[in-house]
Amino acid sequence: MAHFILTYGYNDTPLRAERRPEHLEHLGKLEAAGSLVLAGPLADLSGGIIVLAADDLEAAQALVEQDPYTRLNVTKDRELKEWKITAGLKG
């Protein structure tokens, strides 16, 4: 299992607030399935970071594409990269 970091910003849209419950539900499902490591907005609320556990980049991208925030274009400048953890949490 590899780890992937998704970073993103937010588009200026009311859909962010409207669809937040669906976004959080999606994250909850990922967590229950063992695919979500960490997630949350940046302190300045300019964007967020999600750490995923997946077999490969393609599988991680599929998880991102299922998120209502991605499907509704609430987020922008999404970047998904594999992360090689060398110290700390190794879930």
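The model shown is predicted, which means the values in this text are computed figures rather than measured ones. (Residues numbered from 1 in each chain as written. Predicted model: local features only at pLDDT ≥ 70, side-chain atom pairs only at ≥ 80, totals over all residues. Heavy atoms only, no water.)

Undergrad: Honestly, helix α3 (residues 57-66) in this entry has me stumped. Any pointers?
TA: Among the residues of α3, those classed as buried are Ala60, Leu63 and Val64. Around the axis of α3, the buried residues are gathered within 100 degrees of arc, so they sit on the same side. Of the residues that open α3, the one with a side-chain oxygen 3.3 Å from the backbone nitrogen of Glu58 is Asp56. (Buried < 20%, exposed > 50% of the residue type's maximum accessible area, 1.4 Å probe, protein only. Helix = DSSP H or I, 4+ residues; strand = E, 2+ residues; numbered from the N terminus. Arc of directions from axis to C-beta. Polar contact = N/O pair within 3.5 Å; in protein donor to acceptor, adjacent residues only side chain to side chain.)

Undergrad: When you look at the environment of Thr13 in this model, what are you seeing that I'm missing?
TA: By the element assignment, Thr13 lies in the loop between β1 (2-10) and α1 (15-18). Looking at Thr13, the relative accessible area reads 23%, which means it is partly exposed. Residues Thr13 and Thr70, spaced 57 residues apart in sequence, show a C-alpha to C-alpha distance of 13 Å. Side-chain polar atoms of Thr13 contact the backbone nitrogen of Leu15, separated by 3.1 Å.

Undergrad: Would you mind showing me how to read the side chain of His23 here?
TA: For His23, the position within the fold is in helix α2 (residues 20-32). Once residues within four sequence positions are removed from consideration, His23 is found in contact with Tyr8, Ile50, Asp67, Pro68 and Tyr69. (Contact = heavy atoms within 4.5 Å.)

Undergrad: Honestly, α2 in this entry has me stumped. Any pointers?
TA: Residues separated by three or four positions in an α-helix point in the same direction, a consequence of the helix having 3.6 residues per turn. Taking 1.5 Å as the rise per residue, α2 with 13 residues should run 18 Å; its terminal C-alpha atoms sit 18 Å apart, in good agreement. Among all positions of α2, only His23, His26, Leu27 and Leu30 are buried. For α2, the angular spread of buried residues about the axis comes to 95 degrees, placing them on one side. Seen from the open side of α2, the exposed residues pointing more than 90 degrees away from its buried face are Pro21, Lys29, Glu31 and Ala32. Positive phi appears at Gly34, one or two residues downstream of α2, with a value of about 85 degrees. (Expected span 1.5 Å × (residues − 1).)

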